[in-house]
Amino acid sequence: MKIQLLFFGITTDLTGENSINFELNTDITVHDLKEVLMQKFPKLKNIHQFAIAVNEEYADDTLILKENDVVAIIPPVSGG
């Protein structure tokens, strides 16, 4: 299954990517994707957690990804 990954903010620096097409096994959840991403891009562990949006909507860890989903990796945001 193919999805598109979009990286924002510091995740772009940590992965060295803005956008990539990514191949996954079927029936993978957002939680599973986070684990895969931290293995592929170990520097993501430096920010401890990040949000995932699927097709422009924030997704919880139980959402099952589908073919051609667009997945955004969103770092923590602080205001001031």
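Fair warning: this is a prediction, and the values are worked out from it, not measured in the lab.

Definitions and limits used
- Per chain, residues are indexed from 1 in the order of the written sequence.
- This being a predicted model, a pLDDT of at least 70 is required before a residue's local features are given, and a value of 80 or more before pairs of side-chain atoms are given or counted; all residues contribute to the totals for chains, interfaces and linings.
- Note that the side-chain values use all heavy atoms of the structure and ignore hydrogens as well as water.
- A helix here means a DSSP run of H or I that spans at least four residues, while a strand means a run of E at least two residues long, and both kinds are numbered starting from the N terminus.
- Think of it in three bands: with a 1.4 Å probe and only protein chains considered, a residue is buried below 20% of the maximum accessible area for its type, exposed above 50%, and partly exposed in between.
- For this analysis, a polar contact is any N or O atom pair within 3.5 Å, provided that within protein one partner can donate a hydrogen and the other can accept it, and provided that sequence-adjacent residues contribute only side-chain to side-chain pairs.
- Residue contacts are counted whenever heavy atoms from the two residues lie within 4.5 Å of one another.
- When a carboxyl oxygen of Asp or Glu is within 4 Å of a side-chain nitrogen of Lys or Arg, the pair counts as a salt bridge.
- Directions are taken from the helix axis to each C-beta atom, and the arc is the one they span.
- Throughout this description, the term nonpolar core refers to a set of buried Ala, Val, Leu, Ile, Met, Phe, Trp, Tyr and Cys residues connected via side-chain atoms within 4.5 Å.

1. Brief notes about the side chain of Thr29
Structurally, the position occupied by Thr29 is in the loop between strand E2 (19-23) and helix H2 (30-40). When its relative accessible area of 18% is taken as the criterion, Thr29 is described as buried. Here the side chain of Thr29 touches Asp32 through a polar contact of 3.1 Å, landing on its backbone nitrogen. Beyond its immediate chain neighbours, meaning those up to four positions away, Thr29 contacts Asp61, Thr62, Leu63, Ile64 and Leu65.

2. Digging into the pattern of salt bridges
Taken as a whole and assessed by the stated rule, the structure comprises 1 salt bridge. Ionic pairing is found between Asp61 and Lys34, a salt bridge with its closest N-O pair at 2.9 Å. Of this pair, Asp61 sits in the loop between strand E4 (57-58) and strand E5 (70-74) while Lys34 sits in helix H2, and the two are 27 residues apart along the sequence. Asp61 sits in the partly exposed class, given a relative accessible area of 32%. Classification of Lys34 by relative accessible area gives buried; the value is 18%.

3. Quick notes on H2
For H2, every residue scored as buried is listed here: Val30, Leu33, Lys34, Leu37 and Met38. With its buried residues spanning 135 degrees around the axis, H2 presents them on a single face. Contacts made by the buried residues of H2 are with strand E1 (2-7), E2, strand E3 (51-54) and E5.

4. Quick word on the nonpolar core
Side chains of a nonpolar character, in soluble globular proteins, are inclined to be buried together. Among the nonpolar cores identified, the biggest contains 23 residues, and Leu5, Leu33, Leu37, Leu65 and Val71 are the most heavily contacted of them. Counting only elements with at least two residues in this core, the list comes to E1, E2, H2, E3 and E5. When residues in this core are grouped by element, the largest group, 4 residues, is from H2. Among residues more than four places away in sequence, those in contact with Leu37 are Leu5, Phe22, Leu44, Phe50 and Ile73.

None of this, on its own, says anything about what the molecule does.
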